[in-house]
Every structure is written in structure tokens, then in C-alpha cells.
Amino acid sequence: MLAALVAGLLAWPVPAVVATVAVGAIALAGARRVVAALAFAAVLGGALAGQARVRALERTALGPQLGRFAILDGFALEHPRAAAGFRTGPRSALVRIAGGPGGGERVVVRGSWPRVALGGEVHVEGALVALRDREDWLRRRGAHGRVLATEIRVTGRRRGGVAGELDRMREGAERAVSTGLDPPRAALARGMVLGEDEALDEDTREAFRVSGLAHMLAASGQNVMLLVALALPVLAALGLGLRGRLAGALALIAMYVPLAGAGPSIQRAGVMGAAGLLAVLASRPASRWYALLLAAAVTLLADPRASADPGWQLSFAAVVAILLLAAPLAERLRGHRVPAPLAEAGALTAAATLGTAPLLAFHFERVSLVSLPANLLAVAAVAPVMWLGMLAVAGGTVLPGLAALPNALAAYPLAYLGWLAHAAARVPHAAVPARLGSPAALAAAYAILAAAVAALLWRHRLARLLAGPARSGTAEAAVDAGARTSGSWLGNPRRLAALACLGAAVVLGGAWLAGHRMPAPPDPRDVVVSFLDIGQGDATLVQYGGATLLVDTGPPGSKLLSRLREAGARRIDLLVLTHAQADHDGGAADVLSRLPVGRILDGGEQRTPLQARAVAVAAQRHVPRVTPDAGQTIALGPLTLSVLWPRREPAADHPGIDPNDRAIVAHVRAGSFDLLLPADAESNVTAPLDLPPVEALKVAHHGSEDPGTPDLLARLHPRIAVIEVGRGNTYGHPRPSILAALRTVPAVYRTDRDGTVRLTVHAGRMTVRTAR
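Reference entry: report on the structure contained in this document. (Residues numbered from 1 in each chain as written. Predicted model: local features only at pLDDT ≥ 70, side-chain atom pairs only at ≥ 80, totals over all residues. Heavy atoms only, no water.)

Scanning the protein for helices and strands turns up 26 helices and 23 strands. Within the span of the protein, comprising 772 residues, buried residues form 47% of the whole. Taking the intrachain contacts of the protein between residues at least 6 apart in sequence as the baseline, contacts between residues at least 24 apart amount to 66%. (Helix = DSSP H or I, 4+ residues; strand = E, 2+ residues; numbered from the N terminus. Buried < 20%, exposed > 50% of the residue type's maximum accessible area, 1.4 Å probe, protein only. Contact = heavy atoms within 4.5 Å.)

Here the focus is the packing of aromatic side chains. Aromatic ring pairs are described here by two measures, namely the spacing of the ring centres and the angle between the planes. Evaluated as defined, the whole model comprises two aromatic pairs. Relative to Phe-316, the ring of Trp-312 lies with its centre 4.3 Å away and its plane at 35 degrees, an arrangement referred to as tilted. In this pair, Trp-312 and Phe-316 both sit in helix α12 (residues 310–335), four residues apart, roughly one turn of the helix. For the pair Trp-312 and Phe-316, one class covers both residues: buried. (Phe/Tyr/Trp six-rings, centres within 6.5 Å; stacked < 30°, edge-to-face > 60°.)

On to the nonpolar core. Generally speaking, nonpolar side chains in soluble globular proteins are found buried as a group. Counting residues in hydrophobic clusters, the biggest one holds 55 residues, and the most contacted among them are Leu-188, Met-192, Leu-213, Tyr-256, Ile-266, Leu-414 and Leu-417. Those elements giving two or more residues to this core turn out to be α5 (161–178), α6 (183–194), α7 (202–210), α8 (221–237), α9 (242–259), α10 (264–281), α14 (371–398) and α15 (404–425). With 10 residues, α14 is the largest single contributor of residues to this core. When neighbours within four sequence positions are excluded, Met-192 is seen to be in contact with Met-216, Leu-217, Asn-223, Val-382, Val-385, Met-386, Leu-414 and Leu-417. Membership of the second largest hydrophobic core comes to 32 residues, among which are Val-576, Ile-634, Leu-639 and Leu-675. (Core = buried A, V, L, I, M, F, W, Y, C linked by side-chain atoms within 4.5 Å.)

A few words on a nonpolar patch on the surface. Together, Leu-342, Leu-372, Leu-376 and Val-379 make up a nonpolar patch on the protein surface, roughly 300 Å² of accessible area in all. No other element matches α14, which puts three residues into the nonpolar patch. Looking at the secondary structure, you find Leu-342 in helix α13 (residues 340–364). (Patch = residues over 30% accessible without salt bridge, like charges linked within 9 Å, V, L, I, M, F, W, Y side chains within 5 Å. Areas by Shrake-Rupley, 256 points an atom, 1.4 Å probe, with all protein chains shown as cover. Salt bridge = Lys/Arg side-chain N within 4 Å of Asp/Glu carboxyl O.)

Now for the packing of α13 against α14. The geometry of α13 relative to α14 is characterised by a closest axis approach of 10 Å and an angle of 140 degrees between their N-to-C directions. Put simply, α13 runs oblique to α14. Remark: the crossing between α13 and α14 carries right-handed chirality. Touching Ala-345, Gly-346, Thr-349, Ala-350 and Thr-353 of α13 are Ser-371, Leu-372, Asn-375, Leu-376 and Val-379, all from α14. Residues of the contact of α13 with α14, tallied by class, amount to five nonpolar, five polar and no charged. (Axes fitted to C-alpha atoms, helices over the stretch in contact; angles between N-to-C directions. Parallel < 35°, antiparallel > 145°, perpendicular 65-115°, else oblique. Left-handed = near helix turned anticlockwise from the far one by under 90°. Nonpolar A, V, L, I, M, F, W, Y, C, P; charged D, E, K, R; others polar.)

Let us now look at the sheet that holds strand β11 (residues 547–551). Spatially, eight strands are ordered β14-β13-β12-β11-β10-β9-β22-β23 in an open sheet, and the strand pairing comes out mixed. Each end of this open sheet is capped by a strand with a single partner; those strands are β14 (625–626) and β23 (765–770). (Pairing = 2+ DSSP bridges.)

What follows is about the sheet that holds strand β21 (residues 747–750). With respect to topology, seven strands assemble into an open sheet ordered β15-β16-β17-β18-β19-β20-β21, the strand pairing being mixed. Single-partner strands in this sheet number two, and they are β15 (633–636) and β21. Pairs of neighbouring strands in the sheet enclose a mean axial angle of 15 degrees, with direction left out of account. Note: β15 against strand β16 (residues 639–645), four bridges, orientation antiparallel. Bridge pairing in β16 places Ile-634 opposite Leu-641.

Quick look at the environment of Leu-442 now. For Leu-442, the location among the structural elements is in helix α16 (residues 439–472). Taking the relative accessible area as the measure of exposure, Leu-442 reaches 13% and is therefore buried. Those residues in contact with Leu-442 that sit more than four places away from it in its chain are Pro-358, Leu-359, Phe-362 and Leu-436.

Helix length check: α9 (18 residues) gives 26 Å between terminal C-alpha atoms against 26 Å at 1.5 Å per residue, within 8%. The complete set of buried residues in α9 reads Leu-246, Gly-248, Ala-249, Leu-250, Ile-253, Tyr-256, Val-257 and Leu-259. Among the structural elements, α5, α6, α8, α10 and α14 are those in contact with the buried residues of α9. Backbone geometry just after α9 places Gly-261 at a positive phi near 100 degrees. (Expected span 1.5 Å × (residues − 1).)

Before going further, it helps to examine the pattern of salt bridges. The tally for this structure, following the rule as stated, stands at 26 salt bridges. The closest approach of N and O atoms between Glu-196 and Arg-190, which form a salt bridge, is 3.4 Å. The exposure class of Glu-196 is buried, given its relative accessible area of 4%. With a shortest N-O distance of 3.9 Å, Arg-563 and Asp-533 are connected by a salt bridge. Taken together, the residues span a long stretch of sequence, with Arg-563 in helix α19 (residues 560–566) and Asp-533 in the loop between β9 (527–531) and β10 (540–544) at a distance of 30 residues. On the basis of relative accessibility, which here comes to 15%, the residue Arg-563 falls in the buried class. Given the relative accessible area of 12%, Asp-533 is considered buried. Several salt bridges share partner residues, and in doing so they unite Arg-170, Glu-174, Arg-190 and Glu-196 into one network.

Right, dumping it as C-alpha cells:
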């Protein structure tokens, strides 16, 4: 029943047909009709409860204020931190609004944060905007909006009640675990003991990721296990009986989970640990599978969206793999005369590594090849760090000086683990790219992994089973083999049908998710420029550092929205409309209607009906519009756009001026990569401009006749040039003279022949992929 409830909670967003197939599998596998009926009710009840819970969690009173300037007071729920991959720049933190409209709700505040205590009150002023589609992880943390703050000021007040006491306990634990340690080791201790890695520098954090040791920086089952292992003998030494020791351990778990941030993995570990202790208290046999299902049910009832969180998925995948594989792997290792402690550690590490590898490839698109040896080398140092850190927290909360001794001892294993992470990360090819682009691919990877592991662990047993009757040659042996087979999954028609239905459910669910899941945005460390195939028109997408820039939207009725979806663009931070012509601004209204847009750089000086519609949609959605002016620079995180043309002049409003001659000429810079986007402005406009050398060029005006193109190319020295042009267009674009001039460019692409052209800059190296 518990498994059926968890299945329903997991299936709440999936169409009813998939849930029905899964229920059919349960019914076929059930021994009695009553069990099947109850399982059916549990699945449907879980799905309905999940839907109701999500609706409740997403209900907000902030809707009318989104897109407006906001002034609010709230309590900081965490330490501010910079965006992933950035050492400096604006920092973000979760804030709970203290009162007024939206009181009690959470928002993410981004800006220049002063030093603030956990639970400290801050006064915030800035633009309150809706969360972007790619920020589901913030929704799962309870946020209902984002404040782009112009001012963040600490008021000096703090929240009270139980939450305030917990804030003070967390602060005390942070001080205790850091006492007497230098900043790098203190930051690592806070990460390992309390799951707080904000103080770690980006190099160390990346080293732990590459080496496969990042799980140590998140409080998880390992922390709870070591806490109980430390607490039980201490409580016994105090003279407590079995019930007292178990009750004390339960109380410590209840305190430690919120103290360690109450993330998905520590929630799961806390529930599983508590279930095991309660089983002993109730004199009942402890079932790890039941405890795991109970943990899944509790975390999903709290927030059904948690199942989409990578941390939740990795935590449960690791435990499932350990439950399935650790014992047989350890047995095999001991059979090869590996010492028992090393066999146990190796089996646990190998099982967790195998169980999480496909998810790591799916979410983070890389797999660490040094993870297994690095974790084996780290095993001996982890328990001392945890135990000494917990003793420091326990002693430091009573008397700060009591934390100094355990921290002094912990400094040595902490230094070793820091060195190990950096040394492992420096090994050539320590982490390799590994991408699973869809849920269906993820399911296939797990299926292949399961088949390979099963073949490895049970090949001898299977060989004996298949060869048994043939070896014996007796009727009795054949009957015995048939009986063994009929008692297995392979010989039971009911269970075979159930297995087939479950397989169908997985395939249907994977296919549905693959069709509806938005492709992931590119790695923020890579520069990705997509010259989109949208017919006879311009549309260029630039993605870097988490920012998204779209220059022009092509003609009306094009496949622009699907092209943006293919590129993983879930929000447009800056939409540039270079000039008011249908092949450049025709899709603007559709983009504004379907995607969140941060602001518009509007070069449409001469209004057209299409341009007017886009302006109306922008006004309706409160999207700010900016007028271009030569010399203007707009920063989108590490991505910058410089306007080289036009100059803002009153004479430009004259209707007789060719819009092409007033089109925005933009220079885009992303790190050391430079791109020139001249729209339809030809050499009569660009020749007088101060143009820098660039790596890539979008050819002006779809490759129309332009005698100044050779001189322009000689000035720019582009390595790649792309012509955005429609197949079979009636204008004769691109012109033969332009193609002849472009022979001096090493690589030339055309969207009419190559489809969407996607240029990626990774670690300073440019690569190009085409759709055809």
C-alpha cells in the first residue's frame, strides 16, 4: 500500500493513461482482489493528493505585484551566495516576507548583499519579477518570485519563535564547527557536517564535483548514520537503557535534520533513520525497503515536486543501488580474499557510484572517472571529520572553547580530504562528458546498467539453472527445474503480465516526458550562438552564463518558438528588434506572449502593424522597452551587447529613410568571443563604424548585393560567417558576389541549406553543428 501511495505521488503530473497502466500492473501482480483494489485506491489517492498539494504550494498573493517595483521587509533564510560558476557579482538568498501582501511567502532576493545573520530582517527595494521557467528549483524551495534589488539593508531585528531559536542554533553550530580552523578548512567542515557549502571557494567546489566527492558537501544518510553511531554509546555511557538510548537518538535526528538545512537527502536519511529506531523501540523487525518507501512518501507529501529535484533523485538512487548491490558485491569481493572492511567500503562505494552515474549524466552531462578510487581513499577520513565536527557542535553550543580541541584534531583529515579532491580533479580526463538528452535515454541507461550488473552477479547461478535438466538427463531433474522456473518471474504468467504492464508504463511515461520536457539550457560556462532556421528572415540566439539574448524574431508564422525550445531557451533576458520589417520583427508578439522577456531593445522607428502589436503585448506584460543609441552597452551577466548604430537623431523619424539603414548594428561579447550582428545594415552603414575583429559574423541582409563586403571582411577577419536566409526565396539571396567574397572566411554556413547553425565555444575552442 505504501508503494502504491508513492507511485501515485510520483505520477501526479503524468497523464491518466500512464497511471492506469501502472495500476493494471499492480492489479495483475496482486494475489487478492482486495489488495488490488486497495492499491488502485492508493495510487489514485496519491495522485490526487499530489495535485492538491502542488496547487496549495503554488498559490500566491504576489501575482498582482509581479513586474512592479516592490518595497518589503523579510527574514533571510540562508546565507547569500553567488550564482554557480561565478566568483563575484550579485548574490542571491531566500527571504521570507514579514508582512503585508504576500506575508509569509518566500522570494529570492538578488543584489549586493550586506553581511546578515540567519533569520535577520532585511529591508529590500527593487523590481519583483516572476520566476523563469528554468528556475523550477527555486519553486521547489518555496519561492514565488524574484526581487532584483537596488537596495538591501539590514534592520537589526530577527525573527522569533521556534524558527528564531533554530536560526540561533544553526549560527552557533556554524561558529562551533569553524572555531580554530583556517578559512578553507572551516568552510569544508561546515559543508561536511552541516551541509553548508556557501563559504567554499569555487575552485574547491569544482574539485569536489570533478572528483566525485561532492556528495560529502551535502548532509545525507552518511551524516545521520554516523550521528546515531556516535550517540548510542555516549547515551549508554550516561546510564540510559535501550529505550532511553533510542529515544535520545530519535531526538538528535529530529534536531539535526533542520540544523543541516533540511534538504532532500537529509530529509530522506532522517526519516529512514527514525523508522529504523522506531522499529527497534516497537520490537518490530526493521525493513530498509519499508523505511525507504516511508521516506519517499513523507518527502513527497511535503512537496510532490521534490521528485524533480536532482538531489532527491540522487539520494534515493544511491540508497536503492546500495540495498540491491552492496551485499552481493561485498560477498564477491570477500570471495576474492579482499579484507572484510575494504570489501564493505568498496561495495558501498561501487553500488552508489553505479546507481547515480546515469542521473549525473542526465542532469550534469558529465561523469567522474576517478569517483570510485577517490571515494575509497576518502573513506577513512570521513567518519573522524563527522564525529569530531558533531562533538565540536555539541560542546561549542554549551561553551565555545570546548569546540577548539575536536576541531584541532579534525584539521588533519579535513586537510587530507581537501588535498585529495584537488589531486583527483587534476588527473587527466578525471571527468568526461556524458549526456543523456531525454528521460527515455535515462530509462534506457538504467535498463542497460541493470542488465549488465545482473549478468555479472548472477551469471553462474543462471547458467546452472539453464543447464540443470540437460546435465542430469533424468525426468526428476527436469521436473525439479520446471518447478523452480514456475516459481520464478519467468514461469509465472500473472507476474509476467504485471512485468509487461510495468514496462509499458515506463515506456509510456518516458515517451510522454521526452515529448513534453523542455530541453535543458546549455552549460552556462559555454558560449552558444544559434543562427535559427526560420525561413527568409533573421533570428539569432546567444546563450552564456545563464543569460539569453535573442536578436530579431524572423517572419510571422515561422517555427521560431519551436527553434527556441530546441535550444533550451525558457526565457529571453533581452529581446532586440533591430528594425521594423516583417522578416525581423514578425514573430515578436508570439515570443512576448509565450515566453518571459526581461526587456526589449526596440529599433523600430517606423511603426508597422506587426510592430504595433508587439509593443501592445509588451505593455500588457509590463516588459520595459529601451531605445537604442550608438555607444550604449547592455550587460546580461557576463554577456554584453554594444550598440554600434544607429545614433539617436530626430531626423530618423522621417518616413522616407530606409529602415535597413537605421537597423541596429550590435557587437556581442561573451568572454573572449566576439560576434557582429549587422541585421540588414550593409557596408554603407558599417564602413564608417569602429568595428573590432570578431570570431563570427552574421552576414548582413541575408546575403544581398553589397560591394563593400570584401573590405568589411578584411577588417573583421571572422573565422565563421553565417547567412540567415530562406530556402527558395524569390530575392536570389545569397547573391553570387557575396558567396565569392566569403571564400576568404574559413567556414561559411547558410540556414537554407544547413538548417539551424549552432556555434559552441567550450574552453576556448569553437565547434559548429548544423541541423542538416
